[in-house]
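# Observations on the three-dimensional arrangement
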Amino acid sequence: MPATAPAFRPPPILDIEASGFGPSSYPIEVGLILPDGCTYCSLIRPLDAWTHWDASAEAIHHVARSTLVAHGRSPADVAHALNLRLHGQTIYCDAWYHDFTWLGRLFDAADLPQLFRLEDIRSLLGETDMEVWHATKTDILAELGLQRHRASNDARVLQQTLLRVKGWTAPIAAEAQPCDRPV
């Protein structure tokens, strides 16, 4: 009987969009996907002291600062929601240095401890995995046909790319499953 890849609960993945890069930048949106496919995404209302804005970053994430002010949740609300969903877990990202810094800024603004650990997704990859990562990610993007650049969509793409690169089996859901259930 031929061996098949084991069924696998994929790790949780987080992605953050920001006002730009550099020491004055701050998180504007956080998104994640959990092992069960449940997604969470929230815009973050900037604090008055968060003034840095890079038009080239906006050209990528397509979120205006005025949208954040009107529709974003407070840093405390977002940090609390992340802690509720991720408490005690290790969550992975693809831009560890930036995401770690932006999470720190979010949790500092919320005056809350971060109750989960952030790791670089590369820690799960071998050399062969890295060689096929970009092409696989491009294929996943095409298959999912995502219309909007959102942090939760980016997290979903990363999770599905990891699964395929590693040969782990897990379905690719056609639609994201929002984590609207109480936590």
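Description of the structure in this document. (Residues numbered from 1 in each chain as written. Predicted model: local features only at pLDDT ≥ 70, side-chain atom pairs only at ≥ 80, totals over all residues. Heavy atoms only, no water.)

## Let's talk about the packing of helix H5 (residues 127-144) against helix H6 (residues 151-166)
Packed helix pairs are characterised by how far apart their axes lie and by the angle those axes make with each other. It is at 8 Å that the axes of H5 and H6 come closest, and there the two elements cross at 125°. Taken together, the axes of H5 and H6 lie oblique to each other. For the pair H5 and H6, the sense of crossing is right-handed. Packed against H5, whose contacting residues are Asp-129, Val-132, Trp-133, Thr-136, Lys-137, Asp-139, Ile-140, Leu-141, Glu-143 and Leu-144, the element H6 presents Arg-156, Val-157, Leu-158, Gln-160, Thr-161, Leu-162, Arg-164, Val-165 and Lys-166 at the interface. For the contact of H5 with H6, the class distribution of residues is 9 nonpolar, 3 polar and 7 charged. (Axes fitted to C-alpha atoms, helices over the stretch in contact; angles between N-to-C directions. Helix = DSSP H or I, 4+ residues; strand = E, 2+ residues; numbered from the N terminus. Parallel < 35°, antiparallel > 145°, perpendicular 65-115°, else oblique. Left-handed = near helix turned anticlockwise from the far one by under 90°. Contact = heavy atoms within 4.5 Å. Nonpolar A, V, L, I, M, F, W, Y, C, P; charged D, E, K, R; others polar.)

## Focus on the pattern of salt bridges
For the coordinates displayed, the defined rule picks out 5 salt bridges. Between Glu-119 and Arg-117 there is a salt bridge, and its shortest N-O distance comes to 2.3 Å. For Arg-117, a relative accessible area of 51% corresponds to the exposed category. Across the salt bridge formed by Arg-122 and Asp-120, the nearest N and O atoms sit 2.9 Å from each other. (Salt bridge = Lys/Arg side-chain N within 4 Å of Asp/Glu carboxyl O. Buried < 20%, exposed > 50% of the residue type's maximum accessible area, 1.4 Å probe, protein only.)

## Focus on the packing of aromatic side chains
Tallied over the entire structure, the rule returns 4 aromatic pairs. Ring geometry for Phe-21 and Trp-102: centres 5.9 Å apart, planes at 40°, overall tilted. With a gap of 81 residues between them, Phe-21 in the loop between strand S1 (13-18) and strand S2 (27-33) and Trp-102 in helix H4 (residues 96-110) connect regions that are remote in the sequence. A relative accessible area of 55% places Phe-21 in the exposed class. Ring centres of Tyr-26 and Trp-50 lie 5.1 Å apart, and the angle between their planes is 20°; on these two criteria the pair is classed as stacked. Here Tyr-26, found in the loop between S1 and S2, pairs with Trp-50, found in the loop between strand S3 (38-43) and helix H1 (55-61); they are 24 residues apart in sequence, far enough to count as distant. (Phe/Tyr/Trp six-rings, centres within 6.5 Å; stacked < 30°, edge-to-face > 60°.)

## Observations concerning the pairing of S3
With 5 of 6 residues buried, S3 is to be regarded as a mostly interior element. In this sheet, S3 lies alongside S2 in antiparallel orientation, the contact comprising 5 bridges. Of the residues in S3, the one forming a bridge with Ile-33 is Thr-39. The turn joining S2 and S3, which pair antiparallel and follow one another in sequence, is formed by 4 residues; a positive phi near 90° is taken by Gly-37. (Pairing = 2+ DSSP bridges.)

## With respect to the nonpolar core
Val-30, Leu-82, Leu-103 and Leu-106 are the most contacted members of the largest nonpolar core, which totals 29 residues. Looking at this core, the elements with two or more residues in it are S1, S2, S3, helix H3 (75-86), strand S4 (90-93) and H4. Of all hydrophobic cores here, the second largest spans 10 residues; its members include Tyr-92, Leu-125, Ala-155 and Leu-162. (Core = buried A, V, L, I, M, F, W, Y, C linked by side-chain atoms within 4.5 Å.)

## Observations regarding the environment of Asp-139
Positionally, Asp-139 belongs in helix H5. Residue class for Asp-139 comes out partly exposed when judged on its relative accessible area of 42%. Remark: the alpha-carbon pair of Asp-139 and Thr-161, spanning 22 residues in sequence, is separated by 8.6 Å.

## A short note on the side chain of Asn-153
One can find Asn-153 in helix H6. Once you skip the residues sitting within four places of it in the chain, Asn-153 turns out to touch Leu-146 and Arg-148.

## Some remarks on the side chain of Glu-17
With respect to the element layout, Glu-17 can be found in strand S1. Buried and unpaired, Glu-17 has Arg-150 as its nearest opposite-charge partner, separated by 7.7 Å. Every residue in contact with Glu-17, bar those within four places of it in the chain, is listed here: Tyr-26, Pro-27, Ile-28, Glu-29, His-61, His-149, Ala-151 and Asp-154. (Lys, Arg positive; Asp, Glu negative; His and termini not counted.)

## A closer look at H6
Over its 16 residues, H6 extends 23 Å from the first C-alpha to the last, a length consistent with the 22 Å expected when each residue adds 1.5 Å. The element H6 is largely enclosed, with a buried count of 14 among its 16 residues. Directly after H6, the chain includes Gly-167, whose backbone phi takes a positive value near 75°. (Expected span 1.5 Å × (residues − 1).)

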